[in-house]
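Secondary and tertiary structure notes
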Amino acid sequence: MLCQVCSVFFFIVLIPEFANISVCMKDPERVQDIIVSMQKAGSNTLQVIADFDMTLTRFAYNGKRCPTCHNILDNSLLIDDECKKELKDLLNTYYPIEIDSSRPVEEKLPLMVEWWTKAHELLIEQRIRKDDLAKVVSQSEAKLREGYGFFFDHLHEHSIPLLIFSAGIGDILEEVIRQAGVFHSNVNVFSNYMDFDELGVLHGFKGELIHVYNKREGAMLNTGHFRELRARPNVLLLGDSLGDLSMADGVQDMENILKIGFLNDKVEDRRQFYLDSFDIVLVKDETLDVPNAIIRYLTGTK
Ligand code: TMP
Ligand code: MG
């Protein structure tokens, strides 16, 4: 057991990215202990669980907000102007609630269901065609975080399963990673998938709704996935919302979990909540440099 100063030093020698200005930790010693035990257990015991919007994708680029899966559709030519306005009004009403740290999650739950339900009803009215999704994504401003190539490719090369657990839209996020050339065979996705009729027109969404604060329930519906991965009790979790903390609740016989949180917005209001909840907090960091450095260390890659 090392003192805090030694812990920080130890880290910076082994993982220089921990010296990045964006990196904050409440308890560096604990982080060190987790990483050391995960490294000892070996990368064949590791699985990665990541949120998508604003975690694997950028929050902002050149000072401009980047789109979520929903925004990719909302801003596209597939949506008429009146519907665009209604979707924007929903975003302006409910997003501040989503990130408001002064309101308890129980109070937010029905409001998030309301947001997702209203937004999905509006999208269904637009008679979106499956065949148009690839074009919409290619014309969008969606951007994976810098370092995404290493992240996806390295996990694939080391056969480390990556679960993308998103309250966005599965069809859209799959298209984003497909077009980036990183939709490898080790990737699984839990998300809201569109349901198309026999003519390929959107007429609903499949399965139980996943919103930003019910990922625990989503995880519990997928026990089969976690059973298959029960030989991988070490988890690297990446998220940008406090709701993402429950993404690993379905993991069986968990041994270690390292939680990395991207704090993108309302930084000062939320800093303490994030420090109390995530092991490592990355403040206004648009890259995957820190998760990549940890993965490099855990896989013994120089
Ligand atoms: P995720 O980060 O779990 O993938 O969550 C999805 C994000 O999508 C969440 O931060 C809210 C956002 N969202 C929109 O931008 N527009 C919408 O219409 C809805 C329902 C959600
Ligand atoms: Mg997110």
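Everything numeric in this text was worked out from a predicted model, so none of it was measured.

**Side note on helix α8 (residues 170–179)**
- Among the 10 residues of α8, eight are classified as buried, and the element is accordingly described as predominantly covered.
- Of the positions making up α8, those classed as buried are Gly170, Asp171, Ile172, Leu173, Glu174, Glu175, Val176 and Ile177.
- Looking at the buried residues of α8, the elements they touch are α3 (69–74), α6 (133–138), α7 (148–157), β5 (162–169), β6 (187–192) and β7 (194–196).
- Count one or two residues on from α8 and you reach Gly181, which has phi positive near 75°.

**Observations regarding the pattern of salt bridges**
- Per the counting criterion, the structure on display carries 17 salt bridges.
- In this structure, Asp276 engages Lys26 in a salt bridge whose closest nitrogen and oxygen atoms are separated by 3.0 Å. Remark: Lys26 occurs in the loop between β1 (23–24) and α2 (28–41) and Asp276 occurs in helix α11 (residues 267–277); sequence separation between them is 250 residues.
- Close ionic contact of Arg216 with Asp249 constitutes a salt bridge, the shortest N to O distance being 2.9 Å. Taken together, the residues span a long stretch of sequence, with Arg216 in helix α9 (residues 215–220) and Asp249 in the loop between β9 (234–239) and β10 (256–263) at a distance of 33 residues.
- One connected set of salt bridges, linked through shared partners, spans Arg58, Arg145, Glu146 and Glu286.

**A look at the sheet that holds strand β2 (residues 46–50)**
- An order of β1-β11-β10-β9-β2-β5-β6 is seen for the seven strands of this open sheet, with the pairing classed as mixed. The open sheet terminates on both sides in strands that have one partner only, identified here as β1 and β6.
- With two bridges joining them, β1 and strand β11 (residues 280–283) adopt antiparallel strand pairing. Along β11, the bridge assignment pairs Cys24 with Val281.
- Packed onto the sheet, α8 meets β5 and β6 and runs at close to 125° relative to β5.

**Here's the deal with the packing of aromatic side chains**
- Applying the stated criterion across every chain yields a total of six aromatic pairs.
- Measuring from centroid to centroid gives 6.0 Å for Tyr94 and Trp115, while their planes differ by 10°, and the two rings are stacked. Taken together, the residues Tyr94 in helix α4 (residues 81–98) and Trp115 in helix α5 (residues 105–125) connect sequence positions 21 residues apart. For the pair shown, Tyr94 and Trp115 are each scored as buried.
- Here the aromatic rings of Trp115 and Trp116 are separated by 5.0 Å at their centres, their planes lie at 70°, and the arrangement is edge-to-face. Residues Trp115 and Trp116 agree in their burial class; the two are buried.
- By way of ring pairs, the aromatic residues Tyr94, Trp115 and Trp116 are connected into one cluster.
- In this structure, Arg145 is placed above the aromatic ring of Phe262, and the distance from its NZ or CZ to the ring centre is 3.9 Å.

**What about the site of ligand 1?**
- Near ligand 1 you find 15 residues, and of these Asp51, Thr68, Glu98, Ser166 and Lys215 are the closest.
- Within the side chain of Thr68, an N or O atom sits 2.8 Å from an oxygen atom of ligand 1.
- Alone, ligand 1 offers 480 Å² of accessible surface; in the complex the protein occludes 97% of this.
- Among the secondary structure elements, those contributing two or more residues to the shell around ligand 1 are α3, α4, α5 and β5.
- Within the shell around ligand 1, the residues separate by chemical class into five nonpolar, five polar and five charged.

**Thoughts on the packing of α4 against α5**
- Interhelical geometry of α4 versus α5 gives an angle of 165° and a closest axis separation of 10 Å. Between α4 and α5, the angle falls in the class roughly antiparallel. For the pair α4 and α5, the crossing hand works out as left-handed. Taking contact as the criterion, the partners of Cys83, Glu86, Leu87, Leu90, Leu91, Tyr94, Tyr95, Ile97 and Glu98 in α4 are, on α5, Lys108, Leu111, Met112, Glu114, Trp115, Lys118, Ala119, Leu122 and Leu123.
- Classifying every residue of the contact of α4 with α5 by side-chain character gives 13 nonpolar, no polar and five charged.

What counts and what doesn't
Residues numbered from 1 in each chain as written. Chains lettered and ligands numbered in written order. Predicted model: local features only at pLDDT ≥ 70, side-chain atom pairs only at ≥ 80, totals over all residues. Heavy atoms only, no water. Buried < 20%, exposed > 50% of the residue type's maximum accessible area, 1.4 Å probe, protein only. Helix = DSSP H or I, 4+ residues; strand = E, 2+ residues; numbered from the N terminus. Contact = heavy atoms within 4.5 Å. Salt bridge = Lys/Arg side-chain N within 4 Å of Asp/Glu carboxyl O. Pairing = 2+ DSSP bridges. Axes fitted to C-alpha atoms, helices over the stretch in contact; angles between N-to-C directions. Phe/Tyr/Trp six-rings, centres within 6.5 Å; stacked < 30°, edge-to-face > 60°. Lys NZ or Arg CZ within 6 Å of the ring centre and 35° of its normal. Near = heavy atom within 4 Å. Polar contact = N/O pair within 3.5 Å; in protein donor to acceptor, adjacent residues only side chain to side chain. Areas by Shrake-Rupley, 256 points an atom, 1.4 Å probe, with all protein chains shown as cover. Nonpolar A, V, L, I, M, F, W, Y, C, P; charged D, E, K, R; others polar. Parallel < 35°, antiparallel > 145°, perpendicular 65-115°, else oblique. Left-handed = near helix turned anticlockwise from the far one by under 90°.

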